[in-house]
Amino acid sequence: MRDSQPKHPRVSSGGNGRESAPRGLHDSLAMNAARSGYRVFSANSTAACTELAKKITERLGAELGKSVVYQETNGETRVEIKESVRGQDVFIIQTIPRDVNTAVMELLIMAYALRTSCAKNIIGVIPYFPYSKQSKMRKRGSIVCKLLASMLAKAGLTHIITMDLHQKEIQGFFSFPVDNLRASPFLLQYIQEEIPDYRNAVIVAKSPDAAKRAQSYAERLRLGLAVIHGEAQCTEQDMDDGRHSPPTVKNTTLHTGLELPFMMAKEKPPITVVGDVGGRIAIIVDDIIDDVESFVAAAEILKERGAYKIFIMATHGLLSADAPRLIEESSIDEVVVTNTVPHEVQKLQCPKIKTVDISLILSEAIRRIHNGESMAYLFRNITMDD
């Protein structure tokens, strides 16, 4: 170990959490995983982010690979692989905490370390793919999501397992296979089992952009659909796009024969709810809940229109900034998210936040990919709009 290493680096020594099982059983499971030709590593340097990895390996009957991931005193990320991975399929589980850029560097460096250690295939398990909101060109900006896809390929990844990409077209940014799993079966099950009288509910899209996802939920639950139109906040479509925003004309003489048609400025209509929510449970569905102001505003509108309970269902609960406080003070009754992103601190701040575990589908995806089995079973009854 080098002298620059911190005194207490996090060593991911495995352990599948079954305290009652004998030590010999743990060793046997680990040996079976090694003999079968795959290993599972966690690239996170913080203990809170390794919980999902531990749940996945417990379902697989394996142990986390031995590795050291930590930050140097100067802020640099260091990764050391503590066991042989030569000729094996290696799965890197990386959950994204609030420090997104550090998590990205941990993933890139671990992938490169495994590549130089002669791993056969390196598969990234990234439940929430970072920078997925930056997948479109904005003025003179950049498509950061495509840049990250190129960096992952250069680092050595050969496959990615993710969940509910913000835009499905993001899969086209990659030069290797991407399995975009869905969390909707788990959220639908939660609605059916945990929401009393869900038959009296209506699925709500908080903007026209989310209508297709909401329609998919409504059809599978045999429920009605409502859409909130004319929101006050700016959506992605309202942001200026460089292809539709010509530069300011300065001392330029236009061609005398050039007559462009008049383009009327876009103006949002007053906020309206298309659909009946009076006397019913309103369930708002979306893929990401981060800044919650738009969800709080939607909940207020639904309350005004007669909804007596309001639930929010989302795959990725980023819940940044003051989100827990705003949820607690709002008319929202419950926010249900999956554990693709760690949010234990936010749950302590707001008891309205509930978690659905999706480790089952991720562990099954790992097993099927390693064994060369079809992934179609994991997408059964899943529509293109989901």
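Residues numbered from 1 in each chain as written. Predicted model: local features only at pLDDT ≥ 70, side-chain atom pairs only at ≥ 80, totals over all residues. Heavy atoms only, no water.

As annotated in an unreviewed UniProt entry, the protein chain carries the name KPRA protein and comes from Podarcis lilfordi. The record in UniProt for the protein chain states the following under Function (unreviewed entry): "Seems to play a negative regulatory role in 5-phosphoribose 1-diphosphate synthesis." Annotation of the protein chain in UniProt includes, under Sequence similarities (unreviewed entry), the sentence "Belongs to the ribose-phosphate pyrophosphokinase family." (UniProt positions renumbered as here; feature names shortened; annotations may be inferred.)

Q: So what's going on with the pairing of strand β13 (residues 309-317)? Residues and values would help.
A: Within β13, 8 of the 9 residues are buried, which leaves it mostly tucked inside the rest of the structure. In this structure, strand β12 (residues 281-289) lies alongside β13, joined through 8 bridges in parallel fashion. Within β13, the residue paired with I281 across the bridge is K309. Between the parallel pair β12 and β13, the chain is carried across by helix α7 (residues 293-304), and the sense of this crossover is right-handed. Relative to strand β14 (residues 334-338), β13 runs parallel, the two being bridged by 4 bridges. Residue F311 lies in a different strand from β14, and its bridge partner there is E334. Read as a crossover between parallel neighbours, the route from β13 over helix α8 (residues 323-329) to β14 is right-handed. (Buried < 20%, exposed > 50% of the residue type's maximum accessible area, 1.4 Å probe, protein only. Helix = DSSP H or I, 4+ residues; strand = E, 2+ residues; numbered from the N terminus. Pairing = 2+ DSSP bridges. Right-handed = clockwise from strand over helix to strand, strands pointing away.)

Q: Lay out the pattern of salt bridges with the relevant residues and their values.
A: Tallying each qualifying case throughout the model produces 10 salt bridges. A salt bridge links R78 to E72, with the shortest nitrogen-to-oxygen separation between them at 2.5 Å. Among the residues examined, E72 registers a relative accessible area of 9% and is labelled buried. Across the salt bridge formed by R325 and D322, the nearest N and O atoms sit 3.4 Å from each other. Among the residues examined, D322 registers a relative accessible area of 43% and is labelled partly exposed. Overlapping salt bridges, with partners in common, bring together E364, R367, R368 and E373 in one network. (Salt bridge = Lys/Arg side-chain N within 4 Å of Asp/Glu carboxyl O.)

Q: Any details on the side chain of S216? Residues and values, ideally.
A: Here S216 is to be found in helix α6 (residues 211-221). With a relative accessible area of 4%, S216 lands in the buried category. Only 3.1 Å separates the side chain of S216 from the side chain of R220, close enough to count as a polar contact. Excluding residues within four positions of it along the chain, S216 makes contact with T383 and D386. (Polar contact = N/O pair within 3.5 Å; in protein donor to acceptor, adjacent residues only side chain to side chain. Contact = heavy atoms within 4.5 Å.)

Q: Run through the pairing of strand β9 (residues 201-205), naming residues and quoting values.
A: Summarising burial for β9: 5 of the 5 residues are buried, a large majority. Across 4 bridges, β9 lies against β12 in parallel orientation. The residue of β12 that forms the bridge with V202 is A282. As judged from the 4 bridges shared by β9 and strand β10 (residues 224-229), these two strands associate in the parallel manner. Paired with V204 across the two strands is A226, which belongs to β10. This β-α-β element, β9 to α6 to β10, shows right-handed connectivity.

Q: Break down empty space enclosed by the protein for me, citing the residues and quoting the values.
A: All chains considered together, the criterion is met by 1 cavity of 30 Å³ or more. Approximately 30 Å³ is the volume found for the largest cavity. Lining the largest cavity are I96, A103, V104, L107, F129, P130, L148 and L152. Among the secondary structure elements, those contributing two or more residues to the lining of the largest cavity are α3 (100-116) and α4 (144-155). No other element matches α3, which puts 3 residues into the lining of the largest cavity. (1 Å grid on protein atoms, 1.4 Å probe; cavity = no way out; pocket = protein on both sides within 12 Å on 5 of 7 lines; lining within 4 Å. Points joined across faces, edges and corners; volume = space filled by probe spheres on them.)

Q: Kindly report on the sheet that holds β14, identifying the contributing residues and their values.
A: What links the strands of a sheet is backbone hydrogen bonding, and the strands pair in either a parallel or an antiparallel sense. If you walk across this open sheet you meet the 7 strands as β11-β10-β9-β12-β13-β14-β15, and the pairing is mixed. In the strand order of this sheet, the two ends are held by β11 (272-274) and β15 (353-356), each with one partner. With direction set aside, neighbouring strand axes in the sheet form an average angle of 25°. Contacting β9, β10 and β12, α6 runs over the sheet at an angle of about 160° to β9. Here α7 sits on the sheet and contacts β9, β10, β11, β12 and β13; the angle it forms with β12, its principal contact strand, is near 165°. (Axes fitted to C-alpha atoms, helices over the stretch in contact; angles between N-to-C directions.)

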